[in-house]
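# Inside the fold
So you can see what is in the structure, the chains are spelled out below.
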Amino acid sequence: MDFTLDDTQTEIAALTAKVLCDFGGATPGPRPRGSAPTDPPKRAVDDDPWRALAGAGLLALALPPDLDGDGLGVAEVAQVLTEVGRAAAPVPAYAALALGVLPVETLGTPAHRAALLPPVAAGEALLTAALHEPSAPFAARPAATARPGDGKWLLSGVKTAVPYAERAARILTPVSTPHGTAVYLVDPDAEGVTLLPTRNSAETPECTVRLDDVAVEESDLLADQGAVEALHRFALAGALALGDGLLAGALALTVKHVGEREQFGRPLATFQAVAGQIADVYVAARTVHLAVTSAVWRLASGLDADAELDIAAYWLASRAPDALAICHHLHGGVGVDETYPLHRYSSAVKDLGRALGGAAHRLGRLGERVAG
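Everything in this summary refers to the structure shown in the same document. Predicted, not measured: the structure shown is a model, and the values here were computed from it. (Residues numbered from 1 in each chain as written. Predicted model: local features only at pLDDT ≥ 70, side-chain atom pairs only at ≥ 80, totals over all residues. Heavy atoms only, no water.)

To continue, consider the packing of helix 6 (residues 227-260) against helix 8 (residues 306-331). Between helix 6 and helix 8, the shortest axis-to-axis distance is 9 Å and the interhelical angle comes to 25°. In terms of axis orientation, helix 6 runs roughly parallel to helix 8. Between helix 6 and helix 8 the crossing geometry is left-handed. Judged by residue contacts, Arg233, Leu236, Ala237, Ala239, Leu240, Gly243, Leu247, Ala250, Leu253, Thr254, His257 and Val258 of helix 6 engage Asp306, Leu309, Asp310, Ala312, Ala313, Leu316, Ala320, Ala323, Leu324, Cys327, Leu330 and His331 from helix 8. Grouping the amino acids of the contact of helix 6 with helix 8 by side-chain chemistry returns 17 nonpolar, four polar and three charged. (Axes fitted to C-alpha atoms, helices over the stretch in contact; angles between N-to-C directions. Helix = DSSP H or I, 4+ residues; strand = E, 2+ residues; numbered from the N terminus. Parallel < 35°, antiparallel > 145°, perpendicular 65-115°, else oblique. Left-handed = near helix turned anticlockwise from the far one by under 90°. Contact = heavy atoms within 4.5 Å. Nonpolar A, V, L, I, M, F, W, Y, C, P; charged D, E, K, R; others polar.)

Below, the discussion takes up helix 4 (residues 93-107). End to end, helix 4 covers 19 Å across 15 residues, agreeing with the expected 21 Å (1.5 Å per residue, within 8%). Maximum bend of helix 4: about 25°, positioned at Val101, with proline Pro103 one to four residues after it. Within helix 4, twelve of the 15 residues are buried, which leaves it mostly tucked inside the rest of the structure. Along helix 4, the residues classified as buried are Ala93, Tyr94, Ala95, Ala96, Leu97, Ala98, Leu99, Gly100, Val101, Leu102, Pro103 and Val104. (Expected span 1.5 Å × (residues − 1). Bend = angle between axes of the 7 residues up to and from the residue. Buried < 20%, exposed > 50% of the residue type's maximum accessible area, 1.4 Å probe, protein only.)

With that settled, the discussion passes to the pairing of strand 4 (residues 168-177). Counting buried positions along strand 4 gives eight out of ten residues, so the element sits mostly inside the fold. Pairing of strand 1 (residues 126-129) with strand 4, which is carried by four bridges, proceeds in the parallel orientation. Bridging across to strand 4, Leu127 finds its partner in Arg170. Pairing geometry for strand 4 and strand 5 (residues 180-186), over seven bridges, is antiparallel. Looking at strand 5, one finds that Ser176 is bridged to Thr181. Between the antiparallel neighbours strand 4 and strand 5 lie two residues. (Pairing = 2+ DSSP bridges.)

Positive phi, close to 50°, is recorded for Ala88, a residue that is not glycine. Looking at the secondary structure, you find Ala88 in the loop between helix 3 (74-86) and helix 4. Overall, the relative accessible area of 10% leaves Ala88 in the buried class. Unlike most non-glycine residues, Phe264 shows phi in positive territory, near 55°. Considering the arrangement of structural elements, one finds Phe264 in the loop between strand 9 (262-263) and strand 10 (266-267).

Have a look at this one:
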């Protein structure tokens, strides 16, 4: 099977890498909710990589042509996320694209797409999703519920580890209903929504979200039957693409270090023990890359990708943390210096592994799938 990138995907990856390289991966991200609006992004932006990504058209790839998008899909968005991971850039690309743009474009109505997607593509707004509940990552049957009341639906429950919840225009929120499951669009400023900021390794914005009879209209229903599963697929594919890039970036940084740093008059890379350890990281990175590429390809091709997504998630959750530990070890004291970029990779990998539920959880999911 040939997973070679086509010309469009290659150009997207190269352009994303160039934008992030120009800015060194540091960004303040989109403006906080309620702050004064700024001018629309131009082709190049002076000091904000997030706006630069928007100005280059990289946040509009999955938008339909009638909204000035490119009409592309998850395979192309995955290239953006992989390069974001490779640069360990603290931009909200995973939340905005994998948790927002892709599911809204696929599941939403024309009104949803027209209202929500253009501001994200312009770098002026964010979308995110509340995928996790206490002790239940990627909850397939959410404990959060929606019940009818006074001509509206009332949402109640607790969602954990919601990225960029305080800055989001809407939170895609899976709930259980009397007829199954559904995904609603929740305004984080709505009455009954409580946002509790929580800490993570990368120190990116994240909240626990409590819903206490939050009233939503029928128009706030993104989709019902099959929507939770589709949202989970996009979220997994995005997380995997980001993790693939993080592991590749950490490997490249470590290879450069051991090739340049000398001990006893020789580069570290010439020592057999060092070469063996960096080889282990390389094997882990290539294994994860192959699994991720296969899963994203199947999803983009409209094939059943659930098993491949679970396999890739297990490989990432089980191999990436150990590989980053080796990278830190090979850097010595430099690896724990906060002015050196390696900590951005390891912190992001920790948060990503937690979001996936950890290796044991992913292996359990695979076991359940095999058992039928």
